[in-house]
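Now for the letters of each chain:
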Amino acid sequence: MSRIGNKPVPVPSGVTVKVAGASVSVKGPKGELATAVPQGVSVAFDEAKRVLVVTRASDAKKHKALHGLVRALLANNVHGVTVGYTKGLEIVGVGYNARVQGNKLLLTVGFANVVERVIPVGVKVELPQPTKIVISGPDKQAVGHFATDVRKVRPPEPYKGKGIRFDGEVVRRKPGKAFAGGAPA
């Protein structure tokens, strides 16, 4: 019994939902998102109660897994078009910074060249400070994927903590050689 899959997805007013065969599109103030529904799972929109109901064809293991997945994806879409998703990144290091130029994020993070990352369509990048990056958008997957892609340019290193990290991420620091202990040989 899928506890998540059986829970209906509430749809707030101001959001329109279209269920057309194997796809569900959700449109709201922040944008429009579409999700493909796999075989074995069906989605119905109840206009009176303003909820999306996900049902599965059988109790096969595959259908049970897809039941909860589709419900979670639809809930993420509804939340994304109404509230949106944000990820914050912090750049730590002397001389490390970021800037936006057109549809590119330019990162100066200790390499000989400036690293460019193309900002995907539907994702918005803001820089409240040169060392703070705020990535936002309606699509949870696109926001998270771009934030991870930016972090991969220079992940935080364990000795000085320099690099790009998520807001609130704790970097475990290691002692250097001088503090490793033991008498010199």
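Please read all numbers here as calculations on a predicted model, not as lab measurements.

Caption draft 1: Layout of the pattern of salt bridges. Under the criterion given, the structure shown has six salt bridges. Linking arginine 56 and aspartate 59 is a salt bridge whose minimum nitrogen-to-oxygen distance equals 3.1 Å. A salt bridge links arginine 117 to aspartate 149; the shortest N-O distance between them is 3.7 Å. In this pair, arginine 117 is assigned in strand E10 (residues 115-118) and aspartate 149 in helix H3 (residues 140-151), connecting sequence segments 32 residues apart.

Caption draft 2: Spotlight on helix H2 (residues 61-82). Taking 1.5 Å as the rise per residue, H2 with 22 residues should run 32 Å; its terminal C-alpha atoms sit 33 Å apart, in good agreement. Buried within H2 we find His63, Leu66, His67, Gly68, Val70, Arg71, Leu74, Asn77, Val78, Gly80 and Val81. Remark: glycine 84 follows H2 within two positions and exhibits a positive phi of approximately 95°.

Caption draft 3: Structural context of the sheet that holds strand E3 (residues 23-28). Spatially, the three strands line up as an open sheet ordered E2-E3-E4, and their pairing is antiparallel. Across the chains shown, the open sheet's two edge strands, defined by having one partner strand only, are strand E2 (16-20) and strand E4 (31-36). The sheet shows a mean angle of 15° between the axes of neighbouring strands, direction not considered. Of the strand pairs in this sheet, E2 and E3 are connected by five bridges, and their pairing is antiparallel. From the neighbouring strand, valine 17 faces E3, where its bridge partner is valine 26. Here H2 sits on the sheet and contacts E3 and E4; the angle it forms with E4, its principal contact strand, is near 175°.

Caption draft 4: Quick look at the environment of lysine 140. Among the structural elements, lysine 140 can be located in helix H3. The exposure class of lysine 140 is partly exposed, given its relative accessible area of 44%. On a C-alpha basis, the gap between lysine 140 and valine 123 in space is 9.8 Å, while along the polypeptide they are 17 residues apart. If sequence neighbours within four positions are ignored, lysine 140 has contacts with Asn76 and Tyr85.

Here is what the cut-offs are and how they apply
Residues numbered from 1 in each chain as written. Predicted model: local features only at pLDDT ≥ 70, side-chain atom pairs only at ≥ 80, totals over all residues. Heavy atoms only, no water. Salt bridge = Lys/Arg side-chain N within 4 Å of Asp/Glu carboxyl O. Helix = DSSP H or I, 4+ residues; strand = E, 2+ residues; numbered from the N terminus. Expected span 1.5 Å × (residues − 1). Buried < 20%, exposed > 50% of the residue type's maximum accessible area, 1.4 Å probe, protein only. Pairing = 2+ DSSP bridges. Axes fitted to C-alpha atoms, helices over the stretch in contact; angles between N-to-C directions. Contact = heavy atoms within 4.5 Å.

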